[in-house]
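Survey of secondary and tertiary structure
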Amino acid sequence: QGSIPRLACFSSMLAATLSRPASRATRGLCARAASSLIASIDQGTSSSRVILYDAVTLRPVASHQVELQSATSNPQAGWSQMDAKRIVGTVTDSAAAALAAAGASASDVVGVGITNQRESTVVWDKRTG
């Protein structure tokens, strides 16, 4: 049910682009979806950033970036490792600050896109967590 209003809104925007009027029902669905946000999470080697977009217009609403200072260490030549808890913390902090800047809550987010460091992995012991 949640994707129907966004699909209708997209159809309405497409119709407007093609110079066709949107139906009254579609306009009503778009009004209800107006507070919906799409979150973009960009987690890189030097920072984590969250950008919130209006789910209907796809225009940026708010963003926040947190630097990953001193999260990388080199235990031996040719090796590089990062503190996974710090990475998660910077993503969480970025998301919370972006939501606060938008005057929104997590329940307003209807979709999330994530980009990360590609070859990074987190290894843990299932017995110790």
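Here the structure is shown first, and the text comes after it.
Treat the numbers as computed from the prediction; the structure is a model and nothing was measured.

**Notes on the overall build of the protein chain**
Helix and strand counts for the protein chain come out as 3 helices and 6 strands. Starting at the N terminus and walking to the C terminus, you meet the elements of the protein chain as α-α-β-β-β-β-β-α-β. In the protein chain, buried positions account for 26% of the 129 residues. When the accessible surface of the protein chain is totalled, it reaches about 8,900 Å², and 54% of it is carbon and sulfur.

**A short note on the sheet that holds strand β2 (residues 47-54)**
Read across the sheet, 4 strands follow the order β3-β2-β1-β6 without closing on themselves; strand pairing throughout is mixed. The two strands at the open ends of the sheet, each matched to only one other strand, are β3 (60-67) and β6 (109-115). For this sheet, the mean angle separating the axes of adjacent strands, direction not counted, is 15°. As defined by bridge partners, β2 adjoins β3 across 7 bridges and the pair is classed as antiparallel. Each residue of the ladder has a partner; that of Ser-48, found in β3, is Val-66.

**Structural notes on the environment of Leu-52**
Take Leu-52: it is sitting in strand β2. A residue is classified by how much of its surface remains accessible, and Leu-52, at 2% relative accessible area, is buried. On a C-alpha basis, the gap between Leu-52 and Ala-101 in space is 9.7 Å, while along the polypeptide they are 49 residues apart. In this structure Leu-52 touches Leu-37, Ile-38, Ala-39, Arg-59, Pro-60, Val-61, Ala-62, Ala-98, Leu-99 and Ala-102, once residues within four positions along its chain are discounted.

**Observations regarding helix α3 (residues 84-102)**
For α3, spanning 19 residues, the distance from its first C-alpha to its last is 27 Å, which sits close to the expected 27 Å at 1.5 Å a residue. All of the buried residues in α3 are Ile-87, Thr-90, Val-91, Ser-94, Ala-98 and Leu-99. Taken down its axis, α3 places every buried residue within 160° of arc, on the same side. Set apart from the buried face of α3 by more than 90 degrees, the exposed residues are Lys-85, Val-88 and Ala-100. Where α3 starts, the residue carrying a side-chain oxygen 2.9 Å from the main-chain nitrogen of Lys-85 turns out to be Asp-83. Backbone geometry just after α3 places Gly-103 at a positive phi near 65°.

**A few points about the side chain of Asp-54**
Inspection of the secondary structure assignment puts Asp-54 in strand β2. Among buried charged residues, Asp-54 stands out as having no salt bridge; its nearest opposite-charge side chain is Arg-59, 7.4 Å away. Within the structure, the side chain of Asp-54 is placed 2.8 Å from the backbone nitrogen of Thr-57, a separation counted as a polar contact.

**Examining the environment of Asp-83**
Mapped onto the elements of the fold, Asp-83 is located in the loop between β5 (81-82) and α3. A residue is classified by how much of its surface remains accessible, and Asp-83, at 35% relative accessible area, is partly exposed. In this structure the C-alpha to C-alpha distance between Asp-83 and Thr-72, which are 11 residues apart in sequence, comes to 6.9 Å. Polar contacts involving the side chain of Asp-83 include one to the main-chain amide nitrogen of Lys-85, which spans 2.9 Å.

**A few points about the nonpolar core**
Formed by Leu-37, Ala-39, Ile-41, Val-50, Leu-52, Val-91, Ala-98 and Leu-99, the largest nonpolar core amounts to 8 residues. When contributions to this core are tallied by element, the ones reaching two or more residues are β1 (37-43), β2 and α3. When sequence neighbours within four positions are dropped, the list of residues in contact with Val-91 reads Ile-41, Gln-43, Ser-48 and Val-50.

The rules we used
Every chain's residues receive numbers from 1 upward, in the order its sequence appears when written. In keeping with the predicted nature of the model, local features appear solely for residues at pLDDT of at least 70, side-chain atom pairs appear and are counted solely at 80 or more, and the whole-chain, interface and lining totals rest on all residues. Working from all heavy atoms in the structure, the side-chain values ignore hydrogens and water. Going along the chain from the N terminus, every DSSP run of H or I of four or more residues is numbered as a helix, and every run of E of two or more is numbered as a strand. Any residue under 20% of the maximum accessible area for its type is buried, any over 50% is exposed, and the rest in between are partly exposed; the area is computed with a 1.4 Å probe on protein chains only. All accessible areas in this document rest on Shrake-Rupley with a 1.4 Å probe, and a residue is counted as covered only by the protein chains that are shown. Strands were regarded as paired on the criterion that DSSP finds at least two bridges between them. Each axis is a line fitted through C-alpha atoms, taken for helices only over the stretch in contact, and angles between the N-to-C directions span 0 to 180 degrees. Here, residues are in contact when the closest pair of their heavy atoms is within 4.5 Å. The span expected for a helix works out to 1.5 Å for each residue beyond the first. Read the arc as the range of directions from the helix axis to the C-beta atoms. As used in this structure description, the phrase polar contact means that two N or O atoms lie within 3.5 Å; if the pair is within protein, one of them must be able to donate a hydrogen and the other to accept it, and residues adjacent in sequence are counted only when both atoms belong to side chains. Neither His nor the chain termini are counted; the positive set is Lys and Arg, and the negative set is Asp and Glu. In what follows, salt bridge is the name for a side-chain nitrogen of Lys or Arg lying within 4 Å of a carboxyl oxygen of Asp or Glu. We call a set of buried residues a nonpolar core when its members are Ala, Val, Leu, Ile, Met, Phe, Trp, Tyr or Cys and they connect through side-chain atoms within 4.5 Å of each other.

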